[in-house]
Structures are given as C-alpha cells and as structure tokens.
Amino acid sequence: MTFTEWFIFFLVIQVIHFLGTWKLYVKAGRKAWEAAVPVYNGIILMQIINRPKWWVILLFIPVVNLLMFPVIWIETIRTFGFYKKLDSFLVIVTLGLYIFYINYATDAKFNEDRSLKPRSELGEWVSSITFAIIAATLVHTYFMQPFTIPTSSLEKSLLVGDYLFVSKFHYGARVPSTVIAAPMVHDSLPIVGTASYLKKPQLPYTRLPGLQKIKNNDIVCFNWPADTLATMWGDTSGKFTYKPVDKKTNYVKRSVGIAGDSIEMKNGYFYINGKKNELPYRAKLQFYYTFECKQPINQTTFPKFLLDKERTGVYKILSEYWNNDKVQEAIKQNGSLTKIGQDSLYTEVAGSVNPQFAQKLKMINVDNKININLTEDEVSRLEKYPLTVSVKKINHAPDEAIFPHVKELGWSQDNFGPIYIPEAGATVEINTKTLPFYEQIIKNYENNDLQVVGENIFINGKKADSYTFKQDYFYLIGDNRHNSLDARYWGYVPFDHVLGKPVMIWFSWDANAASLGEKIKSIRWDRMFTTVHGDGEPVSYRYFVFALIALYIVYSFYKGKKKSAKK
C-alpha cells in the first residue's frame, strides 16, 4: 500500500470509530463531534476511560498497536458497564465492532469512577502479561533485539551459540512494513511452524533517523536478500516468491564494501578502491588449506592443537551416511563429530566417537592429505609441526554461482572484480554487459518494470541507457571465507534490508553440544556481556551486570519482606 492508500484507510477507520462511539462520547459528557476528529478523538477517549493520554502514541506504532487496540476496546466497554468475560471475548473477535451494539442497542451507563484494578487474580495476571509483552515488543522492534549466531561464517569474531543484542537505533530503526504479525517472533510461529504474519497490508518503507552510517568492516545484521529470489542462483525460469523484506531470514556478516566503493578480491583478500582491506584485530580470516602429513592421518598423527580437547579423532565417513538424519541423531548419542572437509565420496570429520560406532558407519582414517579450515596463526603453527610436508591454501576454480552469475567472467569465490557498490543518487551505464550487475536492484529492490528486447533495455516502458540508484547498497561477507554463504553469491544488500548493529554478546554456549547438560557445561562465561565492535580485546561488562542483578534481587527481597510486615 502507498502512503495515499494508507491515508485513505486511516480516514475510513476514523469514520468507523465515529459511527461506533459518538453516543458513548455524549454519555460521557463530551460532544459528538469530538469522536470524529483524528488523534484528538483518541486523546478524549483516554480521558473517558481514565487512561494516560500517551497511550494514543502507542496506537500509531506498527505491531505495538495490534496489541493496544484490544486493550482500548476492553477498557471502553468496561467504562460503560460491560465487565463480563463474554463481552470482552465478543469485542475482540469482532475487532471492536461489538462497540456498535453497545452504542446503539443498549442503555449503557457511563461509570466515571470505575476502579481500574482488575477484579480477579487472573485478570491482574493477564493485565501484567499484556503490558509486559507490549513493552517488550516496543523495545524489540525499535530499540534492541536479541539474535543468535547459527553458523560459523564469522567464526573467531562471533561463535556459533553466541546470543547478541542488536541495536536498532545505531543505523536508524526500521518501521515494520508488515503491520499484521505476531509479536516477538520472526517469520514463523513456534511449534506449529506456520507463517507468523499476513503478507497484506504492507506499509511503505520508512526508517527513523540513525546515530551513524555503516562503515567498512562493521558487523551488520540484515534480512537475507536472496531468501525469495530464485534468479539470484542463476535460475532463469523467472520464478519469484514474494516475502516481505522484514520477514526474510535474518543474517549477520561483515560490511567489507559500503556504498560508493569499488572492490576486488585477490586470492581471498579484499581490495577496496585499490587498497588492501585491513580488518580489525578481532577479525580472524579463515581459509581451507590442504595439509599433507608424512604419515597417514589418524588420532595420533593429527596435530592436536587444531582440535578441541574433546575431539581426538579424524576420520572419513561416506557422505551418504553423514547426510542421513538418523545417522546424525546417532552421532549425537555416540560422540561429537565436526565436518572439516569433503570430496565427492567422503566427508572428513573430526571428533570423539566410540570405536564400535565408527566401525558400524565404515569410518576410516584419512590418507596423508586433509583439507582443514585455518587462520593465519594456525597455519604458522602447522607449518612448524614435525610431521608436516606442506600446508597449501586452496584456490577455488571459476564458478558460475558467483555473482553476477556470468560464466564468461571466470570469477571464483577467491578471485573476482572489480565490482562497484551502488550509492543512492549515483548513475551507471546500462547495457547488456552491465545489466547482470544491476538487474535485481532495478527490478526487485527498487520495484521498476524491466524489459530486455534484443540489445535494448526498457525501464518502466522507456528505453534506457543509464540508471540512477534510489538507495545505498552494501557488500556483506563472512570472515570464514571458504565456509560462508555471502554477497559473493547473492550480490548487494540494500539499505532497506539492514536491521541493525550487533553491540554485545549477552550469552554464549556450544550450540552443537549433544545434550542440555553438556550445553550448560559449555557456557562461555568469558564471552558473556562482551562488546562486539572495537579494536583490541573485547571489553567485558559481565561482573557489572551480575552485580546489578544481585542488587535487584536483594532489593526485591527486602521490598517484599517490608510489604509482608505491613500486612
């Protein structure tokens, strides 16, 4: 829906409100016309139901207002004597239209001095829970949102099992475009797994002013652009599955290239505007290397410093076994295996597993070569290992899956470019050679009609040889360069897909641990309440936070004891 359509919808709601409540306004000693004036009618209604005037603001905040409207409906009918549970049920299921019945078909009496306290313990519990959800939804949507790290694409900086606080206000909170959605969840409902939202109506894209702009090497949370675009993967069938931007899958990557940059990758390293990118201290690049050993690789010969304390074996397992869900469940029960490499037949794994189970799955020790994901420091240590013959970095072959999916470019995940990162207001030449770089932007991100007829390009029905971008774009990459699904495959991330900036790790454990008990043992206390950005070692606030929690517990205990003594 456009802003004009939303304005018309808003006026229709005002008319409905007036028709359904004007008699109630009169019974409360107000004028009938006061029920018809937008915003003012809400202020007057708050006076009638004896609730704070600032509640009106909550009625205009997307998602939060979905929770507030039922509260206002119930408060309104109770102010005029309708306290029964059936009345509350009817006003909710009819989306407030039950008030029409009260307005026209009953002799409702205005109760100016009604008690605002719930009439039962259940009512008090429901009231407390409702406003707790409203407050949490407001914070979650516009200020700070919790996220979890499910993959290793930013390993060393952010670990699998890290739980983050993501600031919405650093880059400017994005007003949800999906206005009818369940609060506190993303794109699906827990347990049932069905969609948590309605695709229509949609608000036009709006973002509140931010405190800063995205800088090179910032870690950014965003909605995955390729979530719904089959054409991003070289599929030319023209399929396009619509999913609202704010309900696309949440991702987190590092913003290597920002709007206006020209970037290039050489042997896995980025060059920005011709200069090699210098990553912050906390970022640890990882690549796959082929380790050649003087002897066959087994539990004894594999360098122990590359394995966790619990993982003492290196095996090959047939890929058909590794990819079987039942086998994966059995692995969790019989040991803990981590995938570290793969060829066409075998998956190379490292971990602790009992010998009988290894024999059952036909696991074998690897020969004298294995692919391992390593940082530069780990490579240096491995090169000094007595049994090492060589440690060679893997350089991938050209791959059509690399954006913009043009085979003739010969680009790979290690070597490509240069590529321009579009900036709002910038104009580029458009022809059949440059179009693959910008087609998704023109058509799907900036919502233009794009047609190609032979060598001619038509945008919104007009022949075009250039295009001016409407918003900024970014190039978001994982530090785990050979194990990251990122911009190299889907291309640019539009600014309207940006969610926020991770600012703190508030909890961390090994998400891959086999049981809850093992997960609890694996809690990474040293990572709790540590900062995400900045150079040098992470700054920890965990003792400060723990002290505040302890003070709150003591205060609550003292307050409760004092309250009991008064009774």
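Residues numbered from 1 in each chain as written. Predicted model: local features only at pLDDT ≥ 70, side-chain atom pairs only at ≥ 80, totals over all residues. Heavy atoms only, no water.

Looking now at the overall build of the protein chain. Along its length, the protein chain carries 15 helices and 25 strands. Among the 567 residues that make up the protein chain, the fraction classed as buried is 44%. Restricting to contacts in the protein chain with at least 6 residues of sequence separation, those with at least 24 account for 67%. Entry remark: accessible area of the protein chain is about 30,400 Å², with carbon and sulfur atoms responsible for 59%. Across the protein chain, the mean location of the 67 positive side-chain charges is 9 Å away from that of the 52 negative side-chain charges. (Helix = DSSP H or I, 4+ residues; strand = E, 2+ residues; numbered from the N terminus. Buried < 20%, exposed > 50% of the residue type's maximum accessible area, 1.4 Å probe, protein only. Contact = heavy atoms within 4.5 Å. Areas by Shrake-Rupley, 256 points an atom, 1.4 Å probe, with all protein chains shown as cover. Lys, Arg positive; Asp, Glu negative; His and termini not counted. Charge placed at Lys NZ, Arg CZ, Asp CG, Glu CD.)

Taken in spatial order, the 4 strands of this open sheet run β9-β8-β7-β16, and their pairing is antiparallel. On the outer flanks of this sheet lie β9 (275–276) and β16 (416–420), each paired with one strand and no other. As paired elements, strand β8 (residues 269–272) and β9 share 2 bridges and run antiparallel to each other. Bridging across to β9, Ile272 finds its partner in Lys275. (Pairing = 2+ DSSP bridges.)

A separate point is the side chain of Lys247. For Lys247, the position within the fold is in the loop between β5 (218–223) and β6 (250–257). There is no salt bridge for the buried Lys247, and the closest opposite charge comes from Asp246, which lies 5.3 Å off by N-O distance. From its side chain, Lys247 meets the backbone oxygen of His186 in a polar contact 3.1 Å long. Not counting the four nearest positions on each side in its chain, Lys247 is found in contact with Thr178, Ala181, Val185, His186, Asp187 and Tyr197. (Salt bridge = Lys/Arg side-chain N within 4 Å of Asp/Glu carboxyl O. Polar contact = N/O pair within 3.5 Å; in protein donor to acceptor, adjacent residues only side chain to side chain.)

The subject of this paragraph is the sheet that holds strand β14 (residues 369–375). If you walk across this open sheet you meet the 3 strands as β14-β10-β15, and the pairing is antiparallel. Sheet topology places β14 and β15 (388–393) at the edges, where each strand pairs with a single neighbour. Here the average twist between neighbouring strands, direction ignored, is 30°. The pairing of strand β10 (residues 286–293) with β15 spans 5 bridges and is antiparallel. Across the sheet, residue Thr290 finds its bridge partner in β15, namely Lys392. Packed onto the sheet, helix α11 (residues 376–383) meets β10, β14 and β15 and runs at close to 135° relative to β14. (Axes fitted to C-alpha atoms, helices over the stretch in contact; angles between N-to-C directions.)

Looking at the element boundaries, Gly20 is found in helix α1 (residues 3–27). The spacing of Gly20 and Ile99 is 79 residues in sequence and 6.2 Å in space, taken between C-alpha atoms. In this structure, Gly20 is in contact with Ile99, Phe100 and Asn103, ignoring residues within four places of it in sequence.

So, about the pairing of strand β1 (residues 144–148). Where burial is concerned, the two faces of β1 differ: the one with Gln145 and Phe147 is buried and the one with Met144, Pro146 and Thr148 is not. Where β1 lies against strand β2 (residues 162–167), 5 bridges are found, and the strand directions are antiparallel. Counterpart to Pro146 in the pairing with β2 is Phe165.

Turning our eyes to something else, we now look at the confidence of the model for the protein chain. Averaged over all residues, the pLDDT of the protein chain is 85; the fraction at 70 or higher stands at 93%. Scored below 50 in pLDDT, residues 230–240 makes 20 contacts in the model with residues more than four places away or belonging to other chains. (pLDDT = per-residue confidence, 0-100.)

With that settled, consider the nonpolar core. The tendency in soluble globular proteins is for nonpolar side chains to be buried as a group. Core analysis: the largest hydrophobic core is formed by 45 residues, its most contacted members being Tyr438, Tyr475 and Tyr492. Take this core: its biggest share by element is 6 residues, from helix α12 (residues 435–445). Counting 33 residues, the second largest nonpolar core, distinct from the first, contains Tyr25, Leu45, Ile49 and Leu59. (Core = buried A, V, L, I, M, F, W, Y, C linked by side-chain atoms within 4.5 Å.)

Let us now look at the pairing of strand β24 (residues 498–508). Most of β24 sits out of view: 9 of its 11 residues are buried. Where β2 lies against β24, 6 bridges are found, and the strand directions are antiparallel. Counterpart to Leu164 in the pairing with β24 is Ile505. For β24 and strand β25 (residues 530–531), the ladder comprises 2 bridges, and the chain directions are antiparallel.

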